[in-house]
Amino acid sequence: MAPPATLVRTARQLWQCQWRLLMGGLGPADGQGRYRRPAGAFTSLPPLPEDAADPGAHVLIVGRSCPWAHRAWLTWTLRGLAPWIETVVVVPDPAAGRWRFETPFEGCQTLLELYRRCGADPRARATVPALYSRSRGQILVSESARLIELLNAWPAATEAPDLAPPDDLAAIAAWRERLQGDVNDGVYRCGFARHQAAYDEAEAALFAALEAVEAALAAQGEGGGWLCGGPRPSLADVVLFPTLIRMELVYAPLFGCSRQPLWQLPRLWDWRRRFHGLEGVAATCFPDAWRRDYFGALFPLHPSGIVPAGPDLATLVGSPPPAAPGAPTR
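Residues numbered from 1 in each chain as written. Predicted model: local features only at pLDDT ≥ 70, side-chain atom pairs only at ≥ 80, totals over all residues. Heavy atoms only, no water.

Student: Help me out: how do you make sense of the sheet that holds strand β2 (residues 85-93) in this one?
Tutor: For sheets, the rule is that strands pair by backbone hydrogen bonds, running either parallel or antiparallel. Reading across the sheet, the 6 strands line up as β4-β3-β2-β1-β5-β6 and stay open at both edges, with mixed pairing between neighbours. Strands with a single pairing partner mark the edges of an open sheet, and in this sheet they are β4 (108-110) and β6 (138-141). The mean inter-strand angle of the sheet, taken between neighbouring strand axes irrespective of direction, is 35°. Relative to β4, strand β3 (residues 98-105) runs antiparallel, the two being bridged by 2 bridges. Residue pairing for β4: R100 is matched across the bridge by T110. The strands touched by helix α2 (residues 67-78) are β1 (58-63) and β2; relative to β1, the strand with the most contacts, the crossing angle is about 135°. (Pairing = 2+ DSSP bridges. Helix = DSSP H or I, 4+ residues; strand = E, 2+ residues; numbered from the N terminus. Axes fitted to C-alpha atoms, helices over the stretch in contact; angles between N-to-C directions. Contact = heavy atoms within 4.5 Å.)

Student: Sorry if this is basic, but what is going on with the environment of A193 here?
Tutor: Counting through the fold element by element, A193 comes out in the loop between α5 (169-191) and α6 (196-218). Its relative accessible area of 10% is what places A193 among the buried residues. For the pair A193 and R34, spaced 159 residues apart in sequence, the C-alpha separation works out to 5.4 Å. (Buried < 20%, exposed > 50% of the residue type's maximum accessible area, 1.4 Å probe, protein only.)

Student: Would you mind showing me how to read the nonpolar core here?
Tutor: Across soluble globular proteins, nonpolar side chains have a tendency to be buried as a group. By size, the foremost hydrophobic cluster in this structure holds 96 residues, and its most contacted members are I61, L114, F255 and L268. Considering every element that reaches this core, the biggest residue donor is helix α7 (residues 235-245), with 8 residues. Discounting residues that sit within four places of it in the chain, I61 has contacts with V88, V90, F101, F105, L111, L114, V128, P129, A130 and Y132. (Core = buried A, V, L, I, M, F, W, Y, C linked by side-chain atoms within 4.5 Å.)

Student: For this particular structure, what's the right way to read α6?
Tutor: Every α-helix winds through 3.6 residues per turn, so residues three or four apart in the chain are directed the same way. The end-to-end C-alpha distance of α6, which contains 23 residues, comes to 33 Å, matching closely the 33 Å that a straight helix rising 1.5 Å per residue would cover. Inspection of α6 places A198, A202, E203, A205, L206, F207, A209, L210, V213, E214 and L217 among the buried residues, and these make up the whole buried set. If you follow the buried residues of α6, they end up packed against α5, α7, α8 (247-255) and α9 (266-276). (Expected span 1.5 Å × (residues − 1).)

Student: Is there a simple way to explain the side chain of H70 in this structure?
Tutor: In this structure, H70 sits in helix α2. Overall, the relative accessible area of 1% leaves H70 in the buried class. Ignoring anything within four residues of it in the chain, the contact list for H70 reads F241, P242, I245, R246, T284, C285 and W290.

Student: Would you mind showing me how to read the packing of aromatic side chains here?
Tutor: Given two aromatic rings, one states the distance between the centres and the angle between the planes to describe the pair. Scanning all chains against the criterion turns up 16 aromatic pairs. Ring centres 6.1 Å apart and planes at 75° place the aromatic pair F255 and Y294 in the edge-to-face group. Here F255, found in helix α8, pairs with Y294, found in helix α10 (residues 287-297); they are 39 residues apart in sequence, far enough to count as distant. The exposure class assigned to F255 is buried, which follows from its relative accessible area of 2%. (Phe/Tyr/Trp six-rings, centres within 6.5 Å; stacked < 30°, edge-to-face > 60°.)

Student: What exactly am I supposed to notice about the confidence of the model for the chain here?
Tutor: As a general rule, the predicted coordinates of low-pLDDT regions are not to be interpreted in detail. Looking at the chain, pLDDT values average 89 and 87% of them are 70 or higher. Scored below 50 in pLDDT, residues 324-330 shows 8 contacts in the model against residues more than four places distant or in partner chains. (pLDDT = per-residue confidence, 0-100.)

Student: Quick question: what am I supposed to make of the side chain of H58 here?
Tutor: On the secondary structure map, H58 appears in strand β1. For H58, a relative accessible area of 0% corresponds to the buried category. Among residues more than four places away in sequence, those in contact with H58 are P49, D51, A52, W84, I85, E86, L131, Y132, S133, L140 and W154.

Student: Can you help me understand the pattern of salt bridges in this one?
Tutor: When the charged atoms of two side chains lie near each other, side chains of opposite charge can form a pair. This model, assessed by the stated rule, comprises 14 salt bridges. Between R146 and E149 there is a salt bridge, with the nearest N and O atoms lying 2.8 Å from each other. In this pair, R146 and E149 both sit in helix α4 (residues 144-153), 3 residues apart, roughly one turn of the helix. Here R146 falls in the partly exposed class, since its relative accessible area comes to 27%. Assessed through its relative accessible area of 25%, E149 is described here as partly exposed. (Salt bridge = Lys/Arg side-chain N within 4 Å of Asp/Glu carboxyl O.)

Student: Could you clarify how one ought to interpret the environment of V250 in this entry?
Tutor: Turning to its location among the elements, V250 is positioned in helix α8. V250 sits 42 residues away from R292 along the chain, and the two C-alpha atoms are 9.7 Å apart. Apart from residues no more than four positions distant in its own chain, V250 is found in contact with F255, W290, R291, Y294 and F295.

Student: Please clarify how the packing of α2 against α7 should be interpreted in this entry.
Tutor: Helix-helix packing: each pair is described by the crossing angle between the helix axes and the interaxial distance. Running from amino to carboxyl end, α2 crosses α7 at an angle of 130°, the nearest separation of the two axes being 9 Å. Between α2 and α7, the angle falls in the class oblique. Crossing of α2 against α7: the hand is right-handed. Where α2 approaches α7, its residues P67, H70, R71, L74, T75 and L78 are matched on the opposing element by L235, V238, V239, F241, P242 and I245. (Parallel < 35°, antiparallel > 145°, perpendicular 65-115°, else oblique. Left-handed = near helix turned anticlockwise from the far one by under 90°.)

This is the structure:
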């Protein structure tokens, strides 16, 4: 027997109310329902520490599922900073809505506790990545955009790549600005939109940016290239990869970023494949953790907590599959 119509209407209204309350904490929005990433703590770019070259003096705190932490982890990996900077991985605690240490770190059980100990504003969220100085007992920076710049300037082996070469700085800055708003934040603006118009705006900007990347890569001709045209990836490539590697696994099914499968952007698909093949990059990718944490922890978006089946990561970093009969081609 079908439930009474009044019960259905009441249930929908109650769920909408609860959803908006929960989303207010998960993904704050402006008056038009557009997601706005909240400001964090420790966001300024600090000077290079005097003890930067001392092994073990600094710790990079990351989370496996966080794309912002992933970009810092990638920079640390590509520049070979393991001899100087240790890494500590935090894990999500869905019940408490925060990151916790698997074993106590500096006497702290949770990242929030460490943030408070380091003098963060009590209203600020404790986020990853974070670079911690053992000698100062202080978080130096937790804003990923600034942190990757600091890590790129960190003392490293002579063969370590410069991910922001002087000749490419203008192009890197332009791409980073667009990618940050339309792609990195863009997928969250799709998933956390409060209204249809906010979603439509974010979704259109996301795929316009991906088309622009596709065109830029195509302009470099056959043989592949990197986003700014150099012989090596730059910070622009670093900030794009964490979003694209999660696209089919998380953002398309959960955030509604599914207008166009990525294999229909063949240059971008090949770019992702080549970046994943760089030394050490695969070791920073945890598809099972991504899906478990996104589908299992973002309750307002997926209240059942069921983690759906998805493609194997290996199929996303290989050759693109052929288009289905009747599918649009490029």
